[in-house]
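# Fold and geometry: a report
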Amino acid sequence: MSSILFLPPANYTVAVELGFRDSRSKRCWSAGAGFPKRWCPRMRSIRAETAAETFGSRKGESLGPNGECDCDIPGRSAPALSNVGNSTNIAWHECPVGKLERQILLNQKGCVIWITGLSGSGKSTLASALSRELYALGYLSYVLDGDNIRHGLNKDLCFKAQDRAENIRRIGEVAKLFADAGVICIASLISPYRRDRDACRAMLPESIFIEVYMDISLEVCESRDAKGLYKLAREGKIKGFTGVDDTYEPPLNCEIVIAPTDGECPPPGAMAKQVISYLNENGFLKA
Ligand SMILES: Nc1ncnc2c1ncn2[C@@H]1O[C@H](COP(=O)(O)OS(=O)(=O)O)[C@@H](OP(=O)(O)O)[C@H]1O
Ligand SMILES: Nc1ncnc2c1ncn2[C@@H]1O[C@H](COP(=O)(O)OP(=O)(O)O)[C@@H](O)[C@H]1O
């Protein structure tokens, strides 16, 4: 493979600055000049070796030469049934690939980065910059943006308190699945009420819910008014708009606060770097 074929990503300097090239990924970067590690065939084989070393080749976990598999076949023995909410007589099915195996495959730990703040505070901007930076560094993330999810899964919900709570609960459940899959899940939604955010936190093991508060004043958000919604809310054309005639409850004890310094909002790259430093310091950027 010739390195002449590859161009470094635009934000290569950030990757270097943050010093994420560990001994394994170094080999990869030198082969592919800044390409995400997971694209590197050598990296894949290293990961496969690591997984084999960690777990051994356990009987029943891979297919035989003729495609035979003696892993658990659903239905062989009657599973325990339970009732959950309005769902009766349901069973829990364990996945034969464990969470740790997925983490080793991805060389990262799944978590939920929950970005909360007023409309216009920069949630989507941070989510985009962060997912880009993580990608450049070779980590898999996925953004769940409140606006986007309301185009599909949550299109039946409006902005009254009860529906916002349901919006947050559903996104929390989806984020939990992404984190379990080993993905760094970035949830970006106003999530104005403390109780709803805390309920999401309670769904997950404590340390993997990382709450990021966009501490940007209403005045700044309103002056940005990127979508013209504050203007409509002030004119009374949108009712129950967060910060205007509906409450926003700032977190009391969150993991990360993004705030202006000397009156200046940090640029997107700096906000992303702040979150990535937290992930690195807290062991999320390794299996
Ligand atoms: N009444 C009211 N209040 C606040 N926001 C409103 C409202 N109506 C529409 N919008 C637009 O919807 C986006 C917020 O959706 P979320 O799912 O993040 O909101 S919530 O968490 O359920 O409160 C929000 O997007 P962002 O500006 O990106 O925050 C707005 O564009
Ligand atoms: N750190 C920042 N500094 C300056 N402008 C910003 C910053 N973050 C976001 N913006 C601008 O503010 C507006 C709203 O940002 P956005 O990310 O859409 O906010 P939200 O998702 O919270 O509604 C956009 O025009 C964006 O370019």
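About the thresholds
Residues numbered from 1 in each chain as written. Chains lettered and ligands numbered in written order. Predicted model: local features only at pLDDT ≥ 70, side-chain atom pairs only at ≥ 80, totals over all residues. Heavy atoms only, no water. UniProt positions renumbered as here; feature names shortened; annotations may be inferred. Helix = DSSP H or I, 4+ residues; strand = E, 2+ residues; numbered from the N terminus. Buried < 20%, exposed > 50% of the residue type's maximum accessible area, 1.4 Å probe, protein only. Contact = heavy atoms within 4.5 Å. Areas by Shrake-Rupley, 256 points an atom, 1.4 Å probe, with all protein chains shown as cover. Near = heavy atom within 4 Å. Polar contact = N/O pair within 3.5 Å; in protein donor to acceptor, adjacent residues only side chain to side chain. Nonpolar A, V, L, I, M, F, W, Y, C, P; charged D, E, K, R; others polar. Salt bridge = Lys/Arg side-chain N within 4 Å of Asp/Glu carboxyl O. Axes fitted to C-alpha atoms, helices over the stretch in contact; angles between N-to-C directions. Parallel < 35°, antiparallel > 145°, perpendicular 65-115°, else oblique. Left-handed = near helix turned anticlockwise from the far one by under 90°.

The name given to the protein in an unreviewed UniProt entry is Adenylyl-sulfate kinase, with Dendrobium thyrsiflorum as the source organism. Comment text from UniProt for the protein, heading Sequence similarities (unreviewed entry), reads "Belongs to the APS kinase family." Per UniProt, the protein has the following entry under Function (unreviewed entry): "Catalyzes the synthesis of activated sulfate."

Regarding its fold elements, the protein presents 11 helices and 7 strands. Within the protein, the proportion of its 287 residues that are buried is 39%. Of the contacts formed within the protein by residues at least 6 apart in sequence, a portion of 72% connects residues at least 24 apart. Summed over all atoms, the accessible surface of the protein reaches about 16,100 Å², with 56% contributed by carbon and sulfur.

With that out of the way, let us pick up the site of ligand 1. Around ligand 1 sit 19 residues in total, of which Ser119, Arg150, Arg164, Asn167 and Ser191 are the nearest. In this structure, Asp147 approaches ligand 1 through a side-chain N or O atom, which is 3.2 Å from an oxygen atom. One of the side-chain N or O atoms of Arg164 is found 2.8 Å from an oxygen atom in ligand 1. Here ligand 1 loses 91% of its free accessible area of 630 Å² to cover by the protein chains. Those elements that provide at least two residues to the shell around ligand 1 are α6 (146-149) and α7 (161-181). When grouped by side-chain class, the residues that make up the shell around ligand 1 number 6 nonpolar, 7 polar and 6 charged.

Let us now look at the site of ligand 2. Around ligand 2 sit 13 residues in total, of which Gly120, Lys123, Ser124, Thr125 and Pro266 are the nearest. At 3.5 Å, a backbone N or O of Leu118 approaches an oxygen atom of ligand 2. The separation between a nitrogen atom of ligand 2 and a polar main-chain atom of Pro266 is 2.7 Å. Protein coverage of the free-state accessible area of ligand 2, which is 560 Å², stands at 71%.

All right, on to the pattern of salt bridges then. Per the stated rule, a full pass over the model turns up 13 salt bridges. The salt bridge involving Arg234 is made with Glu222; its shortest N-O contact spans 2.7 Å. Taken as a pair, Arg234 in helix α10 (residues 229-234) and Glu222 in helix α9 (residues 218-224) lie far apart in primary sequence, 12 residues in all. Given a relative accessible area of 46%, Arg234 falls into the partly exposed group. Looking at Glu222, the relative accessible area reads 24%, which means it is partly exposed. Via salt bridges that share partners, Asp156, Glu166, Arg169 and Arg170 belong to a single interconnected network.

The next thing to look at is the side chain of Ser188. With respect to the helices and strands, Ser188 occurs in strand β5 (residues 184-188). You can call Ser188 buried: its relative accessible area is 2%. Ignoring sequence-local partners within four residues, the contact set of Ser188 consists of Ile115, Lys123, Ser124, Ala127, Leu144, Asp145 and Gly146.

The next point concerns the side chain of Glu211. Secondary-structure assignment places Glu211 in strand β6 (residues 209-214). Residue class for Glu211 comes out buried when judged on its relative accessible area of 3%. Look past the residues within four positions of Glu211 in its chain and what remains in contact with it is Trp114, Thr116, Arg197, Arg201, Pro251, Cys254, Glu255 and Ile256.

This part is about the packing of α7 against helix α8 (residues 194-203). Interhelical geometry of α7 versus α8 gives an angle of 20° and a closest axis separation of 9 Å. With respect to their mutual orientation, α7 and α8 come out roughly parallel. As for how α7 packs across α8, the hand of that crossing is right-handed. Of α8, the residues touching α7 (which contributes Ala165, Ile168, Arg169, Gly172, Glu173 and Lys176) are Asp196, Arg197, Cys200 and Met203. Grouping the amino acids of the contact of α7 with α8 by side-chain chemistry returns 4 nonpolar, 1 polar and 5 charged.

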